[in-house]
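# Structural description and commentary
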Amino acid sequence: MKPLVGFSADAAKAEFELEKQFDAKLNRANLQQWLKRLSAKPHHVGSPGSKEVAEFIAAQFKSWGFDTNIETFYPLFPTPKTRLLEMTAPTKYSAKLSEPAVEGDETSSKAEGGLPPYHAYSIDGDVTAELVYVNYGLPSDYDTLATMGIDVKGKIVIARYGASWRGIKPKVAAEHGAIACIIYSDPKDDGYWRGDVYPKGGFRNRDSVQRGSVMDMPLYPGDPLTPGVGATKDVARGPFKQAKTLTKIPVLPISYGDAEPLLKALTGRVAPAEWRGALPMTYHIGPGPTKVHLKLEFNWDLAPAYNVIAKMKGAERPDEWIVRGNHHDGWVFGASDPLTAMVSTMEEARAIGELAKSGWRPKRTLIYCAWDGEEPALLGSTEWGEFHAAELKEHAMVYINSDSTGRGFVNLEGSHGLESFATQVARDVTDPQTKVTAMERASARRASTGGKVGGDLTIEALGSGSDYTVFLDHLGIASLNIGFGGESESSGSYHSNYDSYDHVVKFEDPDFQYMLATSQLGGHMMLRFANAQTAPWTFGRFAQTVQGYLNEVKALTDDMRRQTERSNELIRSGVLSLSADPRHTYVTPDAKSEVPHLNFAPLENAMTKLQASTKAYSALKTDGLSEAKSQELDLVLMKTERALTNTTGLPRRPWFQHTIYAPGYYTGYGVKTLPGVREAIEQRNWKEAEEQIVIAAKALEAYAAEIDRATSIVKR
Ligand SMILES: [Zn+2]
């Protein structure tokens with residue numbers, strides 16, 4: 001018998017039996033029908049399509065026996081009024097900024113009423129200036145420009161998509177004095193360099209544009225006017241001018257078709273090899289002679305965000321909530337993102353509803369959420385989480401998210417106290433293509449791509465980029481993000497007019513098998529959480545993982561010290577500025593301050609304490625506890641993650657309160673683990689690094705103390 005964390009051997013047997021019944025109820029035909037129906041019209045937040053989608057989903061949940069309602073919030077959501085981009089010198093060109101209908105894609109001709117290509121939360125602007133190519137627009141790219149003596153002050157920059165979350169690009173451009181930012185999809189990243197383009201293949205064609213949010217979400221996500229509180233109809237809103245998360249400069253996304261003439265006209269230095277994309281030309285950096293005029297105006301309106309909330313009350317522990325969510329809004333038709341995983345979540349809930357109709361009841365309360373407004377800024381989930389913060393902190397045991405799924409490998413990310421739980425679920429779901437378990441397939445891939453051979457599957461830490469953010473980072477609720485992917489061509493239609501039903505069935509999950517596997521993955525997680533005798537936490541893998549993060553930040557400091565010494569030596573010796581050819585001269589940077597030895601002792605000591613607490617708890621047997629005792633234990637286990645939060649939040653961004661995981665201030669979606677410590681080191685802010693070491697150590701000690709409380713309950 002395979003072990004199940006949280007279950008005795010007998011209870012595990014009953015659980016496997018129930019999961020078998022659940023699997024037998026899943027029906028691929030539903031996935032196909034719902035995907036077709038929900039992706040038939042544009043359905044972004046605030047559109048009539050989004051309301052229809054929310055009402056349809058709510059009616060389904062109701063019919064499956066869930067106590068369902070639609071909770072509406074009213075966040076600020078800008079839509080475009082004027083979008084103009086033209087090259088005024090050395091030749092004239094007007095950007096098309098549109099995605100025409102293509103053969104074989106039925107909905108591509110029905111985009112009327114849908115959002116055209118734009119970036120949500122760009123400010124208005126009307127500017128004309130010379131253009132500079134800045135590669136991905138990362139802080140390090142500007143360092144490279146500086147060594148070439150190129151300044152973007154007063155210029156318009158053009159960056160390619162990739163390497164960071166898109167919202168970081170205008171933020172860093174503005175910090176360097178640029179007055180506008182254009183972002184384009186280079187064919188090297190998701191176009192013809194990768195494979196045939198749509199509609200022949202799945203990759204991005206020359207008209208396709210990646211829409212997206214450019215809000216400064218690493219500061220705080222959700223409604224810009226109501227940070228920390230739910231954007232209900234009558235809530236007090238801050239003045240528009242004080243919204244801190246809008247961009248500082250206007251930003252616009254374009255296709256490689258529109259980018260090519262602009263880039264081609266640039267002269268000046270040739271871009272370094274790593275900066276070159278796959279357009280058929282020599283990439284130059286400029287500035288100029290390309291001169292562009294960019295004019296953007298938006299309707300700054302509040303939009304209703306319709307969250308569908310569907311509950312099934314627990315029979316024995318109704319005050320312990322298992323929350324599951326996926327968003328329902330799309331940029332246009334949103335067939336892949338989010339509907340592939342939205343329909344999987346619906347089918348999962350339908351099968352659970354059927355089990356309930358045949359007499360089974362969950363021990364704990366299940367709450368299914370279909371979020372609106374995820375795409376612009378995680379609007380629906382953030383406002384709901386902020387509005388219900390107190391009760392969620394009290395009752396929510398876990399939040400399980402999904403957001404798109406497709407052919408390929410199981411993907412698990414989240415809180416490491418749930419790593420054993422999550423990998424056991426992947427162990428018990430069969431991969432549709434290879435018929436081995438999803439876990440075996442993911443492990444085989446890890447081994448074949450140079451990773452560890454054998455051993456347990458591990459889960460990745462969560463940054464940001466989907467609806468788990470408010471739960472994990474703001475409220476300290478243990479979270480998981482799940483799905484399949486890696487072999488679908490969804491990157492080629494991402495956030496474009498071509499993210500359609502036809503694209504999904506041709507290039508992502510033709511026979512709906514991975515959507516079905518996602519229903520199993522999510523459904524088994526819900527059923528195990530619903531039924532476990534004790535909440536399924538284990539702490540060994542958490543302690544081990546955090547020890548790894550600590551080793552990383554120490555190594556990072558040592559590396560920086562060595563590198564600083566070496567580069568300062570080079571700078572002082574003058575060898576950096578010897579070239580006689582002006583096209584190759586480099587500006588010598590200033591010497592950097594030496595890297596001190598930081599005091600990591602508080603974190604080392606906290607880790608020692610955590611290891612000891614973990615060891616004591618792991619040695620216990622938790623089966624066979626009395627009902628009262630196991631309920632008491634649950635209440636401690638489900639709140640362990642809260643101990644990892646610090647109510648003052650991270651430096652300069654108090655909304656983010658988790659001390660172990662956060663999206664990077666300069667990476668966006670990308671995670672920074674031990675974020676307070678790591679980012680202070682990266683920013684060479686040594687005083688702050690030492691303060692953050694103490695804060696993280698306190699959080700780990702509090703976590704260890706919670707584990708000790710759990711141990712004493714079991715032992716008593
Ligand atoms: Zn999505």
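Everything numeric here is computed off the predicted structure, so don't read it as measured data.

Thresholds applied
Residues numbered from 1 in each chain as written. Predicted model: local features only at pLDDT ≥ 70, side-chain atom pairs only at ≥ 80, totals over all residues. Heavy atoms only, no water. Salt bridge = Lys/Arg side-chain N within 4 Å of Asp/Glu carboxyl O. Helix = DSSP H or I, 4+ residues; strand = E, 2+ residues; numbered from the N terminus. Buried < 20%, exposed > 50% of the residue type's maximum accessible area, 1.4 Å probe, protein only. Pairing = 2+ DSSP bridges. Right-handed = clockwise from strand over helix to strand, strands pointing away. Contact = heavy atoms within 4.5 Å. Axes fitted to C-alpha atoms, helices over the stretch in contact; angles between N-to-C directions. Donors = N, O, S within 2.8 Å, 3.2 Å for Na, K, Ca; no water. Tetrahedral: all angles 85-135°; square planar, octahedral: opposite > 155°, others 65-115°. Expected span 1.5 Å × (residues − 1). Domains from an automatic or database assignment. Buried area = accessible area lost by both parts, 1.4 Å probe. Polar contact = N/O pair within 3.5 Å; in protein donor to acceptor, adjacent residues only side chain to side chain. Phe/Tyr/Trp six-rings, centres within 6.5 Å; stacked < 30°, edge-to-face > 60°. Lys NZ or Arg CZ within 6 Å of the ring centre and 35° of its normal.

## Topic: the pattern of salt bridges
Overall, the coordinates contain 40 salt bridges when judged by the stated rule. For Lys155, the salt bridge is made with Glu130, and the minimal N-O distance between the two is 3.6 Å. Of this pair, Lys155 sits in the loop between α4 (139–147) and β6 (156–160) while Glu130 sits in strand β5 (residues 125–133), and the two are 25 residues apart along the sequence. Assessed through its relative accessible area of 19%, Lys155 is described here as buried. Looking at Glu130, the relative accessible area reads 31%, which means it is partly exposed. Between Arg317 and Glu627 there is a salt bridge, and its shortest N-O distance comes to 3.2 Å. Highlighted residues: Arg317 in strand β12 (residues 317–327) and Glu627 in helix α19 (residues 627–637), separated in sequence by 310 residues.

## Considering the pairing of β12
Counting buried residues in β12 gives 9 out of 11 residues, a clear majority hidden from the surface. Alignment of β12 against strand β13 (residues 364–371), held across 8 bridges, turns out to be parallel. In the strand pairing of β13, His327 is matched with Trp371. Note on the crossover from β12 through helix α8 (residues 335–357) to β13: the handedness is right-handed.

## Observations regarding the environment of Thr245
Structurally, Thr245 is set in the loop between β8 (212–213) and β9 (251–254). The spatial distance from the C-alpha of Thr245 to the C-alpha of Ser519 is 35 Å, given a sequence separation of 274 residues. Ignoring anything within four residues of it in the chain, the contact list for Thr245 reads Met215, Asp216, Leu219, Tyr220 and Pro224.

## Overview of the environment of Asp319
Among the structural elements, Asp319 can be located in strand β12. By relative accessible area, Asp319 is classed as partly exposed at 49%. For Asp319 and Lys506, which are 187 residues apart along the polypeptide, the C-alpha to C-alpha distance reads 44 Å.

## As for the environment of Ala704
With respect to the helices and strands, Ala704 occurs in helix α21 (residues 686–715). Excluding its chain neighbours within four sequence positions, the residues that come into contact with Ala704 are Lys609, Leu610 and Ser613.

## Digging into the sheet that holds strand β11 (residues 305–312)
The sheet built from 7 strands is open, its strands ordered β1-β11-β13-β12-β14-β16-β15 with mixed pairing. The open sheet has two edge strands, β1 (67–73) and β15 (408–414), and neither has a second partner. The sheet shows a mean angle of 20° between the axes of neighbouring strands, taken without regard to direction. Bridge analysis of β1 against β11 gives 7 bridges, and the strand direction is antiparallel. Residue pairing in the sheet places Thr72 in a bridge with Tyr306 of β11. Sitting on the sheet, helix α16 (residues 513–531) is in contact with β12, β13, β14 (396–402), β15 and β16 (479–486), with an inclination near 160° to β16.

## Section: the coordination of the zinc ion
Note on the zinc ion: its protein donors are His327 (NE2), Asp337 (OD), Asp403 (OD) and Asp403 (OD). The metal-donor distances range over 1.9 to 2.6 Å. For the zinc ion, the 4 donor atoms in the first shell make angles of 54 to 144° at the metal, so the coordination geometry reads as irregular.

## Some details on α16
Helix length check: α16, at 19 residues, gives a terminal C-alpha distance of 27 Å against a target of 27 Å (1.5 Å per residue), a fit within 8%. Most of α16 is tucked away: 17 of the 19 residues are buried.

## A look at the sheet that holds strand β3 (residues 93–94)
Hydrogen bonds between backbone groups are what pair the strands of a sheet, and the pairing can be parallel or antiparallel. One open sheet accounts for 7 strands, arranged β3-β2-β10-β5-β6-β7-β9; its pairing is mixed. In this open sheet, the two edge strands, each paired with only one partner strand, are β3 and β9. Bridging between β5 and β6 involves 3 bridges; their strand directions are parallel. Looking at the pairing, Tyr133 lines up with Ile158 of β6. Seen against the sheet, helix α5 (residues 168–175) touches β6, β7 (180–184) and β9 and runs at an angle of roughly 145° to β7.

## As for the domain arrangement of the protein
If you check the domain split of the protein, you get domain 1 (9–75 + 304–450 + 491–531), domain 2 (77–298) and domain 3 (540–715). In this structure, domain 1 and domain 3 have C-alpha centres spaced 31 Å apart. The interface is formed by 19 residues belonging to domain 1 together with 16 residues belonging to domain 3. At the boundary of domain 1 with domain 3, total buried surface from both sides reaches about 1,500 Å², with 39% on carbon and sulfur atoms. When the buried surface of domain 1 facing domain 3 is broken down by residue, Arg317, Lys393 and His416 rank first, second and third, together holding 35% of it. Summed over the shared surface of domain 1 and domain 3, the result is 5 salt bridges. Between Lys639 and Glu394 there is a salt bridge whose closest N-O contact spans 3.2 Å. Put simply, domain 1 and domain 3 have 11 residue pairs in polar contact (both at pLDDT 80 or more) between them. Listing elements by their share of the side of domain 1 that touches domain 3, those giving two or more residues are β12, α10 (379–387), α11 (389–395), β14 and α12 (419–427).

## Considering the packing of aromatic side chains
Scanning the model with the defined rule gives 28 aromatic pairs in all. Three or more aromatic residues joined by ring pairs make a cluster, and in this case those are Trp34, Phe61, Trp64, Phe66 and Tyr368. Taking NZ or CZ as reference, Lys171 lies 5.6 Å from the ring centre of Tyr666, over its face. Residue placement shows Lys188 over the ring face of Trp193; its charged tip is 4.9 Å from the ring centre.

## What to know about unusual backbone geometry
The residue after Gly286, namely Pro287, is reached through a cis peptide bond having omega 0°. Inspection of the secondary structure assignment puts Pro287 in the loop between α7 (256–264) and β10 (291–302). With an omega of 15°, the peptide bond between Asp337 and Pro338 qualifies as cis. You can see Pro338 is positioned in helix α8. In the Ramachandran plot, Phe512 falls in the positive-phi region, its phi being about 65° despite a non-glycine side chain. Tracing the backbone through its elements, the reader meets Phe512 in the loop between α15 (501–507) and α16. The backbone phi angle of Arg652 is positive, close to 65°, even though this residue is not glycine. Mapped onto the elements of the fold, Arg652 is located in the loop between α19 and β17 (661–663).

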